[in-house]
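Residue-level listing of the chains:
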Amino acid sequence: MIVYGVALFSACLLIGLIAGDALGALIGVKANVGGVGISMLLLIVLAERFKNELNLESASGRGIGFWSAMYIPVVVAMAAQQNVLAAVSSGAVAILAGSGAVILSFALIPLINKMNKKS
Amino acid sequence: MDNFLEISGQVFAKNGLITAFTLVGLIICLSYYLSNRFTKGRLHGSAIAISIGLLLAYLGGVKTGGQKGLADIPLFAGIGLMGGSMLINLAIVSTAFGAGLDEFRKSGLAGILSLSLGVPISFVVGALIAFSFGYSDPVDITTIGAGAVTYIVGPVTGIALGANSEIITLSIAAGLVKAILVMLSTPLIAPYIGLNNPQTAIIFGGMMGTNSGVAAGLGAVDPKLVPYGAMPATFYTGLGCLVAPSVFFLIVKWLML
């Protein structure tokens, strides 16, 4: 059933978020540490373990597939509620700090990629 | 007629999430039309849709003076639910369905390396900009540097160090600039840095780290790459919150003596 897939990956998200909050509390950080990442790992492991029940053709799989197809629309809604006004009208320090970080990070990606391929 | 508009408005406001689905569908439809008609599909429809979303967020901010873009207009409050952290997290996790565990095994080290480079690099850029604009208090410099990591690391650091609210606002703004710029620029820069495979996506996620930026930026390049970039990015903010108010602050304090 479609709802099984939806329930399963919703449960993965809840477990991951709990683990992420617990991990944050453990190292004394007021943030969720890796919650979504842990949820994704859980889902990947479950999908590999139960290949027959959980694939894109199965009903459960289609329940998850629907939400991955809704990914871009959800992201567009996320973009539409960003505080763009604060970013645009923030002044030189914030704009230079934020954009400088992005430019340098982009520039270093090919370099790390090369190191990764060598090793 | 006025009555009809009033009734429609009430229905839209009462059914916020449904209104959001309809509006986002229209935005995406328009975006794909623009993409095919004017760029022959070279600039992807989803990249245009995200840009239109950001533009609407700006207009929403100008109209209401609020912090949640279009979602602050009551008629479009459902956008806040549809694009809020709950459904974004759910959608990100769903993209992991069909992702290969092997790719993560192969590039785990590169992910950790890019994470441990990405956080300090963004911090140093932010801190240097703050310093060059005349900030000399280590608390201020560290908080602004932390803002360049992500807009969550900034205020967490600022509050931990007791920075004043003006500096904390500035650090949030720096993080917002970063997130929005990543959203807009990733589809344009992707071809030049070879961002078209899982390994590079993992490195990208670890270097940029800003969750919303990575989620939208990679989504506009290829939704199949999202889980690979999102994985290291979910550790980025946590790592930043750990090191910025502690190790980084001590280093800045020592340098400013």
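All values derive from a computational prediction rather than experimental measurement.

A. Geometry of the overall build of chain A. A count of helical and extended segments in chain A gives 6 helices and 0 strands. In terms of overall dimensions, chain A is more spread out than a globule: its C-alpha atoms have a radius of gyration of 19 Å, far above the 14 Å expected for 119 residues. The principal-axis extent of the C-alpha atoms belonging to chain A is close to 55 × 40 × 35 Å. Burial statistics for chain A: of 119 residues in total, 48% are counted as buried.

B. Focus on a nonpolar patch on the surface. Residue and element names in this part refer to chain B. Side chains of Val247, Ile251, Trp254, Leu255 and Leu257 sit close together on the surface and give an oily, nonpolar patch of about 630 Å² of accessible area. The topology assignment puts Val247 in helix H12 (residues 226-255). Residue classification places Val247 among the partly exposed residues on the basis of a relative accessible area of 44%.

C. Spatial organisation of the pattern of salt bridges. Residues and elements named next belong to chain B. Here the structure, examined in full by the defined rule, presents 2 salt bridges over all chains. Measuring nitrogen to oxygen at the nearest pair gives 3.0 Å for the salt bridge that ties Arg105 to Asp102. Taken together, the residues Arg105 and Asp102, both in helix H6 (residues 101-132) and 3 residues apart, mark about one turn of the helix. According to the relative accessible area criterion, Arg105 is exposed, its value standing at 60%. Of the residues examined, Asp102 reaches a relative accessible area of 52% and is grouped as exposed. Among the salt bridges present, the one from Lys106 reaches Glu103, with a minimum N-O distance of 3.7 Å. Separated by 3 residues within a single helix, Lys106 and Glu103 lie in helix H6, roughly one turn from each other. In this structure Lys106 comes out as exposed when scored by relative accessible area, which is 56%.

D. Local environment of the side chain of Asn116(A). The topology assignment puts Asn116(A) in helix H6 (residues 92-118). Each residue touching Asn116(A), except ones within four places of it in the same chain, is listed here: Ser107(B), Ala110(B), Gln199(B) and Ile203(B).

E. Just the UniProt feature "transmembrane region" (unreviewed entry) in chain A, in detail. Residue and element names in this part refer to chain A. Feature annotation in UniProt places "transmembrane region" (unreviewed entry) on residues 29-47, 59-80 and 92-112, given in this structure's numbering. A distance of 31 Å separates the end C-alpha atoms of residues 29-47, which is 68% helix and 0% strand. Taken end to end, residues 59-80 has its terminal C-alpha atoms 32 Å apart, with 91% of it in helix and 0% in strand.

F. Region of the structure containing the UniProt feature "domain: Malonate/sodium symporter MadM subunit N-terminal" (unreviewed entry) in chain B. The feature "domain: Malonate/sodium symporter MadM subunit N-terminal" (unreviewed entry), as annotated in UniProt, sits at residues 10-255 of chain B in this numbering. Taken end to end, residues 10-255 of chain B is 79% helix and 0% strand, and its two terminal C-alpha atoms sit 58 Å from one another.

G. Fine view of the packing of helix H1 (residues 2-26) of chain A against helix H5 (residues 85-95) of chain B. One way to put it is that H1(A) packs onto H5(B) with a least axis distance of 10 Å and a crossing angle of 110°. Classified by the interaxial angle, the pair formed by H1(A) and H5(B) is roughly perpendicular. The interaxial crossing formed by H1(A) with H5(B) has right-handed handedness. Side by side, H1(A) and H5(B) meet where Phe9(A), Ser10(A), Leu13(A) and Leu17(A) of the first sit next to Met86(B), Asn89(B), Leu90(B), Val93(B) and Ser94(B) of the second.

H. Highlighting the nonpolar core. Ile50(B), Ile79(B) and Phe204(B) are the most contacted members of the largest nonpolar core, which totals 82 residues. Of the residues forming this core, the biggest block, 8 residues, is contributed by helix H4 (residues 71-79) of chain A. Residues Val125(B), Ile129(B), Leu161(B) and Ile167(B) belong to the second largest nonpolar core, which totals 18 residues.

I. Representation of the interface of chain B and chain A. Counting residues at the interface gives 91 residues for chain B, matched by 69 residues for chain A. Summing both sides of the interface, chain B and chain A together bury roughly 6900 Å²; the carbon and sulfur share of this comes to 83%. Summed over the shared surface of chain B and chain A, the number is 0 salt bridges. Linking chain B with chain A are 9 residue pairs in polar contact (both at pLDDT 80 or more), by the criterion used here. In terms of residue count, the dominant contributor to the side of chain B that touches chain A is helix H9 (residues 165-189) of chain B (13 residues). Here the residues of the side of chain B that touches chain A sort into 64 nonpolar, 25 polar and 2 charged.

What counts and how
- Residues numbered from 1 in each chain as written.
- Chains lettered and ligands numbered in written order.
- Predicted model: local features only at pLDDT ≥ 70, side-chain atom pairs only at ≥ 80, totals over all residues.
- Heavy atoms only, no water.
- Helix = DSSP H or I, 4+ residues; strand = E, 2+ residues; numbered from the N terminus.
- Rg over C-alpha atoms; globule rule 2.2 N^0.38 Å.
- Buried < 20%, exposed > 50% of the residue type's maximum accessible area, 1.4 Å probe, protein only.
- Patch = residues over 30% accessible without salt bridge, like charges linked within 9 Å, V, L, I, M, F, W, Y side chains within 5 Å.
- Areas by Shrake-Rupley, 256 points an atom, 1.4 Å probe, with all protein chains shown as cover.
- Salt bridge = Lys/Arg side-chain N within 4 Å of Asp/Glu carboxyl O.
- Contact = heavy atoms within 4.5 Å.
- UniProt positions renumbered as here; feature names shortened; annotations may be inferred.
- Axes fitted to C-alpha atoms, helices over the stretch in contact; angles between N-to-C directions.
- Parallel < 35°, antiparallel > 145°, perpendicular 65-115°, else oblique.
- Left-handed = near helix turned anticlockwise from the far one by under 90°.
- Core = buried A, V, L, I, M, F, W, Y, C linked by side-chain atoms within 4.5 Å.
- Buried area = accessible area lost by both parts, 1.4 Å probe.
- Polar contact = N/O pair within 3.5 Å; in protein donor to acceptor, adjacent residues only side chain to side chain.
- Nonpolar A, V, L, I, M, F, W, Y, C, P; charged D, E, K, R; others polar.

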